[in-house]
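Commentary on secondary and tertiary structure
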Amino acid sequence: MLSRMTTLVVLAVLMLNVLLVFVCSVHAEEKQNKPATAENAKDGAEMILITGGSFLMGTAPAEIDEQFRDTGLPEDWKKHALDEQPRHRRTVEPFYIYKYEVTNEQYKAFMDATDHRPPPHWKGKDYPADKGNHPVVEVSWDDADAYCRWAGTRLPTEAQWEYAARGAEPAEGEPSRVFPWGNSWDRTLSNNASLHAGKELQNAADWKEWYESDQKSKFPLTSRVGSFPKSVSPFGVQDMAGNAWEWCAEVQAPYPEQNAEEADDKKLRARRGGSWANVALHIRSVDRQGAPQDDLNIYTGFRCVKLP
Ligand SMILES: [Ca+2]
């Protein structure tokens, strides 16, 4: 009798062990598939570790032709893609990048701590009601830079930004994704002008008609950060397509060297990702559209990076 009970106990312990090993391995697998993250204690921002790598930055002419066919954009807009060329190889060292754009709530905490000026469309020192989790917009490059310094971070370089949005090379010598989610345009995957218009805006007249429509009183049409989870980048970074343009660190200078001295306008700082008011052309992760360093507009915000 006793030995039968002992056998049962041994069996039960063995089964428990098997179960434990199974549970642990499932957890290990989950952990492996999740990107390494960290929290920036200063502003509570979730950061994703981007392991460094080499990739093809910018666009080749044949790719531009393909992207214009896919999105239905007019031929004469190809001139806006000249600054993405020539496509060239870049290497980035490991860095953390904010998973989301810096929000109104985070920006308010920075303002309260430093007595920094508010974005002009705010009601004094308070952000618009119910928009605490939206990206802050109408901040200049200098405002964004001041926030990053306060938070112990900095603005991303264009190479860091583009790598985080497009992901690593799928195979040696192959370009990374055109959009964070893949290579095909779909206006419903991100916060962009064609989404708001409910149709593809493929020329200046259609865009203007939408821009001047009734919804103008509700501008800026930002959305809560992370509301378009299907647009996530291969590294798990959100809203790199649309919502708010994002300031980058550099003066926008020609590729491949990006020597600030060669820039047409040395006050033009690089911005990436397009916004709620842009069409597919600017939502492509290779697109570059600089703006004057002191420019305040309701399309542009930022996110930060930090070295590990
Ligand atoms: Ca964005």
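In this report, the structure presented in the accompanying data block is examined. Because the structure is a prediction, the values reported are computed rather than measured. (Residues numbered from 1 in each chain as written. Predicted model: local features only at pLDDT ≥ 70, side-chain atom pairs only at ≥ 80, totals over all residues.)

On to the overall build of the protein. A count of helical and extended segments in the protein gives 8 helices and 10 strands. In the protein, which comprises 308 residues, the proportion classed as buried is 39%. Contacts in the protein between residues at least 24 apart in sequence constitute 75% of all its contacts with a sequence separation of at least 6. (Helix = DSSP H or I, 4+ residues; strand = E, 2+ residues; numbered from the N terminus. Buried ≥ 20, exposed ≤ 12 C-beta atoms within 10 Å, placed from the backbone. Contact = placed C-beta atoms within 7 Å.)

Inspection of helix α2 (residues 61–71) places E63, Q67 and T71 among the buried residues, and these make up the whole buried set. With its buried residues spanning 60 degrees around the axis, α2 presents them on a single face. Projecting away from the buried face of α2 at angles above 90 degrees are the exposed residues A62 and R69. Tucked into the core, α2 has its buried residues touching α8 (280–283). The first or second residue beyond α2 is G72, which carries a positive phi of 75 degrees. (Arc of directions from axis to C-beta.)

With mixed pairing, the 4 strands of this open sheet are ordered in space as β8-β7-β6-β9. Looking along the sheet, the strands with just one partner apiece sit at the ends: β8 (291–292) and β9 (300–301). (Pairing = 2+ DSSP bridges.)

Here the focus is the sheet that holds strand β1 (residues 37–40). Pairing in this open sheet of 4 strands is antiparallel, and the strands run β1-β2-β5-β10 from one edge to the other. The sheet is open, and its two edges are formed by β1 and β10 (305–306), each paired on a single side. With 2 bridges joining them, strand β5 (residues 95–98) and β10 adopt antiparallel strand pairing. Looking across to β10, one finds that Y96 is bridged to K306.

Judged by nonpolar contacts, the single largest core of 56 residues is most densely connected at I97, A144 and A164. Contributions of two or more residues to this core are made by β2 (45–50), β5, α3 (104–114), α4 (141–150), α5 (158–166), β6 (245–251) and α8. The contacts of A164, once residues within four sequence positions are left out, are I50, I97, S233, F235, V237 and M240. (Core = buried A, V, L, I, M, F, W, Y, C linked by C-beta atoms within 7 Å.)

Further remarks concern unusual backbone geometry. Each neighbour pair has its own omega, and for F219 with P220 the value is 0 degrees, a cis peptide bond. Position of P220 among the secondary structure elements: in the loop between α7 (204–211) and β6. Omega for the peptide link from Y255 to P256 comes to 0 degrees, which places this bond in the cis form. Its location among the elements puts P256 in the loop between β6 and β7 (268–272). Look at D130: it is not a glycine, yet its phi comes out positive at around 65 degrees. For D130, the location among the structural elements is in the loop between α3 and α4.

Time to look at the pairing of β5. A two-sided burial pattern is seen for β5, the buried positions comprising F95 and I97 on one face and Y96 and Y98 on the other. Sheet topology note: the β2/β5 ladder contains 4 bridges and is antiparallel. Counterpart to L49 in the pairing with β5 is Y96.

A separate point is the pairing of β7. Among the 5 residues of β7, 4 are classified as buried, and the element is accordingly described as predominantly covered. For β6 and β7, the ladder comprises 3 bridges, and the chain directions are antiparallel. Across the sheet, W247 pairs through a bridge with R271, a residue of β7.

Below, the discussion takes up α3. Burial in α3 covers these residues: N104, Q106, Y107, F110 and M111. Each buried residue of α3 lies within a common arc of 160 degrees when the element is viewed along its axis, so the set occupies one face. The exposed residues of α3 that point more than 90 degrees off its buried face are D112 and A113. Against the buried residues of α3 lie β2 and α4. With its phi angle positive at about 65 degrees, D115 sits one or two positions after the end of α3.

Attention now goes to the environment of V237. Relative to the helices and strands, V237 is located in the loop between α7 and β6. Look at V237 and you get buried, because 24 C-beta atoms sit within 10 Å. For the pair V237 and K99, spaced 138 residues apart in sequence, the C-alpha to C-alpha distance is 4.7 Å. Once residues within four sequence positions are removed from consideration, V237 is found in contact with I48, I97, K99, A164, A165 and V232.

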